[in-house]
Amino acid sequence: YQCRQCGKTFSDIHPLDGIRIDPSKVVQIISFLCEGLGIRACARLTGCHIETILSVLNTVGAKCESFLDRHIRDVQVGSVQLDELWTRVGCKQGKAGDDPERGDIYTFLAIEARTKLIISHRTGKRDYANTDAFVGDLAKRITGRVQITADGWVPYVDTVRKHLLERLDFAVMQKIYGKEE
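Let me begin by describing the structure that accompanies this report. (Residues numbered from 1 in each chain as written. Predicted model: local features only at pLDDT ≥ 70, side-chain atom pairs only at ≥ 80, totals over all residues. Heavy atoms only, no water.)

Quick notes on the side chain of Thr59
Here is step 1: Within the fold, Thr59 resides in helix H3 (residues 50-71).
Here is step 2: A relative accessible area of 12% means that Thr59 is categorised as buried. (Helix = DSSP H or I, 4+ residues; strand = E, 2+ residues; numbered from the N terminus. Buried < 20%, exposed > 50% of the residue type's maximum accessible area, 1.4 Å probe, protein only.)

Remarks on the state of the cysteines
Here is step 1: On inspection of all chains with the given rule, the structure shows zero disulfides.
Here is step 2: Among the cysteines around Cys34, which has no disulfide bond, Cys64 carries the closest sulfur, lying 8.0 Å off.
Here is step 3: Overall, Cys34 belongs to the exposed group, its relative accessible area being 65%.
Here is step 4: Cys48 supplies the cysteine sulfur nearest to Cys42, a cysteine that is in no disulfide, at a spacing of 7.6 Å. (Disulfide = S-S within 2.5 Å.)

A look at the layout of surface pockets
Here is step 1: Reported here for the largest pocket is a volume of approximately 800 Å³.
Here is step 2: Lining of the largest pocket is provided by 23 residues; of these, Thr107, Leu109, His121, Arg122 and Thr123 occupy positions nearest its centre.
Here is step 3: Contributions of two or more residues to the lining of the largest pocket are made by H3, strand S2 (79-89), strand S3 (103-112), strand S4 (118-124) and helix H5 (128-141).
Here is step 4: In terms of residue count, the dominant contributor to the lining of the largest pocket is S4 (six residues).
Here is step 5: Residue composition of the lining of the largest pocket, by class: twelve nonpolar, five polar and six charged. (1 Å grid on protein atoms, 1.4 Å probe; cavity = no way out; pocket = protein on both sides within 12 Å on 5 of 7 lines; lining within 4 Å. Points joined across faces, edges and corners; volume = space filled by probe spheres on them. Nonpolar A, V, L, I, M, F, W, Y, C, P; charged D, E, K, R; others polar.)

Here we look at the pairing of S2
When a strand is regular, its side chains alternate between the sheet's two faces.
Here is step 1: Taken together, the three bridges between S2 and strand S6 (residues 146-150) define a ladder with parallel strand orientation. Bridged to Gln81 within S6 is Thr149.
Here is step 2: Relative to S3, S2 runs antiparallel, the two being bridged by ten bridges. The residue of S3 that forms the bridge with Arg88 is Asp104. (Pairing = 2+ DSSP bridges.)

In short, the description is geometric, and any link to function would need to be established separately.
Laid out in structure tokens, this is it:
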């Protein structure tokens, strides 16, 4: 549509939930973020405000999460690897206190070993509750017998057995760091 008085154009369709920048700019922002560029650097290179970059990231992330939640179901897998990514949000964990959105934050990943498909993920503190929710979600998404490999994070043993015991082969990969002799 076009306003008859000022000539400004607009549309009823907002596929990105009200983000009003050019779609090619959205693609550029997401491409930069996927390549590992930081928020501020992305803002400088695209000429967009930091709040716009964060809004695009939030909107596209929510759409991707919804898409994956609908489509990653009843996956037949042979082997799944469980692992976590760590990051610090806002401050060191010691200064974050009990704030669940600041300090050390982990993204739990369930990765199909052959294809590298991320079957399930969860972001939060590295605690029993998040581990249990993560493994419970994984159990709902896969079918058949599965071999799971995880690191030595203690809650994995309980939660994997709790949600997948009847169809499980489970191994813990213990990493030992030291000098090679």
